[in-house]
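# Examining the three-dimensional arrangement
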Amino acid sequence: MNEHYPFVNPPLPYAFDAMEPYIDAKTMELHHDRHLQTYVDNLNGILKNYPQYHSLSLEELLIFVNSLPTALQQGIRNNAGGVYNHILYFFNMENPGMKEPPSPLGEYIAKEFGNYGNFVKELSEAAMSVFGSGYAWLAADAFGRLKIITTANQDTPFSTGFYPLLNVDVWEHAYYLKHYNVRADYIKDWFQIINWEQVNDRYKMFFAQA
Ligand code: MN
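Heads up: these notes are all about the structure in this document. (Residues numbered from 1 in each chain as written. Predicted model: local features only at pLDDT ≥ 70, side-chain atom pairs only at ≥ 80, totals over all residues. Heavy atoms only, no water.)

The next point concerns the overall build of the chain. If you tally the helices and strands in the chain, you get 8 helices and 3 strands. Helices and strands appear in the chain in the N-to-C order α-α-α-α-α-β-β-β-α-α-α. On C-alpha atoms alone, the chain measures out to a radius of gyration of 17 Å, which is about the 17 Å that the 2.2 N^0.38 rule sets for 210 residues. The principal-axis extents of the C-alpha atoms in the chain amount to approximately 50 × 40 × 30 Å. Going through the 210 residues of the chain one by one, you find that 50% of them count as buried. For the chain, the share of sequence-separated contacts (at least 6 apart) that also reach a separation of at least 24 residues comes to 68%. Averaged over its 14 positive side-chain charges, the chain has a centre that lies 4 Å from the centre of its 23 negative ones. (Helix = DSSP H or I, 4+ residues; strand = E, 2+ residues; numbered from the N terminus. Rg over C-alpha atoms; globule rule 2.2 N^0.38 Å. Buried < 20%, exposed > 50% of the residue type's maximum accessible area, 1.4 Å probe, protein only. Contact = heavy atoms within 4.5 Å. Lys, Arg positive; Asp, Glu negative; His and termini not counted. Charge placed at Lys NZ, Arg CZ, Asp CG, Glu CD.)

Written out as structure tokens, the structure is:
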């Protein structure tokens, strides 16, 4: 991913059909090439005439969005969020995924949620509870303590002071072609294709003591 403006849509690190049978190739293609591309284009369009912000990274734009000119804030929230959330979603996938998260993240998940099965249940319930479009997340607070949260639209955990580790996109465009309106089936399938090694590395990157 480009560090700053102009942002680019990074190619997927796998083929469009790599997540079959859990997520179909057409959904992956449209989701990446059209939905994510639109957020990239919109974000660059918003920032075009603001060279003073061209050195800000995606994360900086999101963390400091409330310090930007009021006229830019919602557009940045929606579109920098749209880029960030989708890149995280796509790059945290592999097929087949690991059955359970490796150490140390696996231990922290067990500590916080009882066991992995219970974590799956809680994250699934959170994802089902999102009304309309949004995401459910595994996130961490500033001390590295894990928490499941939900966000609406393209909001990110940064806006409430959390570090994003893993997200499931529950906008209908993420699953409608294959799972129709049955979000629960999509969530169940998504749990089969989590790249836990990647999520674990991300946790370690944020929290060097881990
Ligand atoms: Mn999406």
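The next subject is the coordination of the manganese ion. In ideal tetrahedral geometry, four donors around a metal make angles of 109.5 degrees, whereas ideal octahedral geometry with six donors gives angles of 90 or 180 degrees. At 2.0 to 2.1 Å from the manganese ion lie its protein donor atoms, namely H31 (NE2), H86 (NE2), D169 (OD) and H173 (NE2). Read in sequence order, the donor residues coordinating the manganese ion give the pattern H-x54-H-x82-D-x3-H. (Donors = N, O, S within 2.8 Å, 3.2 Å for Na, K, Ca; no water.)

This next bit is on the sheet that holds strand β1 (residues 134–140). The strands making up a sheet are joined through hydrogen bonds of the backbone, oriented either antiparallel or parallel. Sheet architecture is open: 3 strands sit in the order β2-β1-β3, paired in antiparallel fashion. Either end of the sheet is taken by a strand with one partner, and the two such strands are β2 (146–152) and β3 (163–169). For this sheet, the mean inter-axis angle between neighbouring strands, taken without regard to orientation, is 25°. Here β1 pairs with β2 via 7 bridges, running antiparallel. Along β2, the bridge assignment pairs A136 with T150. Against the sheet, helix α3 (residues 70–91) makes contact with β1 and β3, and its axis sits at roughly 80° relative to β3, the strand it touches most. The sheet strands contacting helix α4 (residues 105–113) are β1 and β2, and the helix crosses β2 at an angle near 85°. (Pairing = 2+ DSSP bridges. Axes fitted to C-alpha atoms, helices over the stretch in contact; angles between N-to-C directions.)

Within the secondary structure, T27 is located in helix α1 (residues 25–47). Among the polar contacts made by the side chain of T27, one reaches the side chain of D24 at a distance of 2.7 Å. Once you skip the residues sitting within four places of it in the chain, T27 turns out to touch H173, A174, Y175 and L177. (Polar contact = N/O pair within 3.5 Å; in protein donor to acceptor, adjacent residues only side chain to side chain.)

Before going further, it helps to examine unusual backbone geometry. Cis geometry marks the peptide bond from E20 to P21, where omega comes out at 0°. For P21, the position within the fold is in the segment before α1. Geometrically, the link from N95 to P96 is a cis peptide bond, its omega value of 0° lying close to zero. Mapped onto the fold, P96 is located in the loop between α3 and α4. You will see that N153, though not glycine, has its phi angle at about 55°, which is positive. Mapping N153 onto the fold places it in the loop between β2 and β3. Backbone geometry at Y180 places phi at a positive 50°, although glycine is not the residue there.

Let us look at the environment of G114. Within the secondary structure, G114 sits in the loop between α4 and α5 (116–129). Residue G114 is classed as exposed on the basis of its relative accessible area, which comes to 54%. Spatially, the C-alpha atoms of G114 and G134 are 26 Å apart, while their sequence positions differ by 20 residues.

By the element assignment, K147 lies in strand β2. Using a relative accessible area of 41% as the deciding quantity, one classes K147 as partly exposed. Along the backbone, K147 and P164 are 17 residues apart, and their C-alpha atoms lie at a distance of 9.9 Å. When near neighbours in sequence (up to four residues on either side) are disregarded, K147 contacts F113, W137, L138, A139 and F162.

Distances and angles like these do not, on their own, reveal function.
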